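Summary of the model geometry
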Amino acid sequence: MGEVWTLAEFSHGKLSSVSYELLNRGKNLAEKLNTALASVVLGYNVKREYIDELIARGADKVYVVDDKNLENFLVEPYAKVLIALIKEYNPEIFLAAATTTGRTLMPYVAVKVRTGLTADCTVLDIEEGTGNLLQTRPAIGGNILATIKTPNTRPQMATVRPHSTKPALPDRNRTGEVIYKKFDEDVFLSKSKYLRFIKDESQQVSLQDAKIIVSGGRGLGRPENFKMIDELAELLGGAVGASREVVDRGWKPYPHQIGLSGKTVSPALYIAVGISGAIQHIAGMQTSENILAINKDPDAQIFKIANLGIVGDLNEILPLLIEKIKAYKKKEAV
Ligand SMILES: Cc1cc2nc3c(=O)[nH]c(=O)nc-3n(C[C@H](O)[C@H](O)[C@H](O)COP(=O)(O)OP(=O)(O)OC[C@H]3O[C@@H](n4cnc5c(N)ncnc54)[C@H](O)[C@@H]3O)c2cc1C
């Protein structure tokens, strides 16, 4: 049985935390298949501490390709290195994050090694009996959940939606094997050239990076009431989310939608206001560290996953909350 591989994302001299989310997913699959879990790191000056972190968080093996030519992400050299590794080691499963890097790289690799790829999975499991990877993702505008299999070719490749699971926690007692691989210069040849990195500063706080999210639902009643959500989010330095009901009504544009057919988020604090807690909404925010729900219905589903709940009319609670935070901030400033 081949190994389960995850692509660790290493860029600008750092590992991104999505690498640990993939290890969490991979650990479950490797255990079910009774095989090793390995991470692949491509980059330049990959410090030992990052490799040790991957081992602490579940990797039994780490394949490292450390080369000046891999300092900045370019699809061709990255893909050629991965293809060479796949051909040498024949992994059973290969997962990457559905980030810009993963979405660019993995389809290229999958085509070249003539295997299937399922993009943007939210659930992964192993099929009993066959050992095939069950790759589940929302399809047809999020109206159905499709489970896809790759029964005839290997590796089974999938990209996984960031924040759809928690990062694996470190265990400093774990040990693992580190395999450094070298490649000839011609592997790194590319038709494209890296010029420079320009950070997109135009975006407001991005939902997926926000530490605090204030989300509004149909309970707000009218689009104008969303101003209270915007104000609360601004006061807390957070981002604004919305349920699908709100987006379908045109109160907020689609990029704010959280849930199965929207974004998956994992902030330190998620405040759900006038949101019932439908399963499709919860799918997008259940990994939040703390959930505060405000709803007038004490039996609303959202209270089942909330750490803190306020039962009452949001039209009374929100203005009070905003006033209190403003007063607190004023006092702090003195
Ligand atoms: C395939 C599929 C995909 C979907 N994807 C998503 C998705 O990505 N995201 C998503 O959110 N939904 C999604 N949905 C829709 C989902 O099923 C729910 O319909 C939706 O989440 C409900 O939105 P809501 O909670 O804002 O509205 P409602 O369910 O109508 O809830 C409104 C809540 O507000 C409360 N309320 C009303 N007035 C007040 C008040 N004055 N004060 C306090 N509380 C009040 C009510 O008690 C109620 O609990 C999807 C559905 C399907 C079938």
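So, here's what we can say about the structure. (Residues numbered from 1 in each chain as written. Predicted model: local features only at pLDDT ≥ 70, side-chain atom pairs only at ≥ 80, totals over all residues. Heavy atoms only, no water.)

1. Comments concerning helix α9 (residues 314-333)
To keep it simple, the criterion reads: Secondary structure counts use DSSP, requiring at least four H or I residues in a row for a helix and at least two E residues in a row for a strand, with both numbered from the N terminus. Helix span, as expected, comes to 1.5 Å for every residue beyond the first. Throughout this description, buried means an accessible area under 20% of the type-specific maximum (1.4 Å probe, protein chains only), exposed means over 50%, and partly exposed covers the range between. Within this analysis, the arc is defined by the directions that extend from the helix axis to the C-beta atoms. By the convention used here, residues are in contact when the closest approach between their heavy atoms is within 4.5 Å. Under this definition, polar contacts are N or O atom pairs within 3.5 Å; protein pairs additionally need one hydrogen-donor-capable and one acceptor-capable atom, and for neighbouring residues in sequence, both atoms have to be side-chain atoms.
When the terminal C-alpha atoms of α9 are compared, their 28 Å separation across 20 residues agrees well with the 28 Å that a helix rising 1.5 Å per residue should span. Burial in α9 covers these residues: L314, I317, L318, I322 and I325. In a view along the axis of α9, the buried residues occupy a sector of 125 degrees, so they form one face of it. Projecting away from the buried face of α9 at angles above 90 degrees are the exposed residues E316, E323, K324, K330 and K331. Its buried side turned inward, α9 meets α5 (226-235), β15 (269-273), β16 (290-295) and β17 (308-311). The distance from a side-chain oxygen at the start of α9 to the backbone nitrogen of N315 is 2.9 Å, and the residue carrying that oxygen is D313.

2. Some details on the nonpolar core
To keep it simple, the criterion reads: As used here, the term nonpolar core means buried Ala, Val, Leu, Ile, Met, Phe, Trp, Tyr and Cys residues forming a set that is joined through side-chain atoms within 4.5 Å.
One finds L29, L54, V62, I93, L95 and L124 to be the most contacted residues of the largest nonpolar core, which totals 31 residues. Of all the secondary-structure elements, those providing two or more residues to this core are β1 (4-8), α1 (18-33), β4 (37-43), α2 (48-56), β5 (61-66), β6 (93-97), β8 (123-126) and β11 (156-160). Considering each element in turn, this core owes the most residues, seven residues, to α1. Residues V40, L70, M157 and F183 belong to the second largest nonpolar core, which totals 27 residues.

3. With respect to the sheet that holds strand β10 (residues 144-148)
What counts is decided by this rule: We treat two strands as partners when DSSP finds at least two bridges between them. Interaxial angles span 0 to 180 degrees and are taken between N-to-C directions of axes, which are lines fitted to C-alpha atoms, for helices over the stretch in contact.
In spatial order, the strands read β8-β9-β10; together these three strands make up an open sheet with antiparallel pairing. Pairing within the sheet leaves two strands with one partner each, and these edge strands are β8 and β10. Ignoring strand direction, the axes of neighbouring strands in this sheet form an average angle of 25 degrees. Inspection of the sheet shows strand β9 (residues 133-139) paired to β10 by five bridges, in the antiparallel sense. From the neighbouring strand, P138 faces β10, where its bridge partner is L145.

4. Observations regarding the layout of surface pockets
Formally: The distinction between a cavity and a pocket rests on a 1 Å grid over the protein atoms alone: a 1.4 Å probe fits inside a cavity but cannot get out, while a pocket stays open yet meets protein on both sides within 12 Å along at least five of seven lines, and a residue with an atom within 4 Å of a point counts as lining. Grid points are joined across faces, edges and corners, and a volume is the space filled by probe spheres set on the points. Gly is put with the polar residues, along with every residue not named as nonpolar or charged; the nonpolar set is Ala, Val, Leu, Ile, Met, Phe, Trp, Tyr, Cys and Pro, and the charged set is Asp, Glu, Lys and Arg.
Approximately 530 Å³ is the volume found for the second largest pocket. Forming the boundary of the second largest pocket are 28 residues, of which R218, S243, E245, I275 and S276 lie nearest the centre. Among the secondary structure elements, those contributing two or more residues to the lining of the second largest pocket are α6 (244-248), α7 (279-282), β16 and α9. The leading source of residues in the lining of the second largest pocket is α6, at three residues. Taken together, the residues of the lining of the second largest pocket break down into six nonpolar, 15 polar and seven charged.

5. Regarding the pairing of strand β13 (residues 212-216)
Selection criterion: Orienting the strands away from the viewer, one traces the path from the first strand over the helix to the second; a clockwise path indicates a right-handed crossover.
Here β13 lies mainly inside the structure; five of its five residues are buried. Where burial is concerned, the two faces of β13 agree: the one with I212, V214 and G216 and the one with I213 and S215 are both buried. Across five bridges, β13 lies against β15 in parallel orientation. Residue pairing in the sheet places I213 in a bridge with Y270 of β15. Between the parallel elements β13 and strand β14 (residues 239-242), the chain passes through α5 in a crossover that is right-handed.

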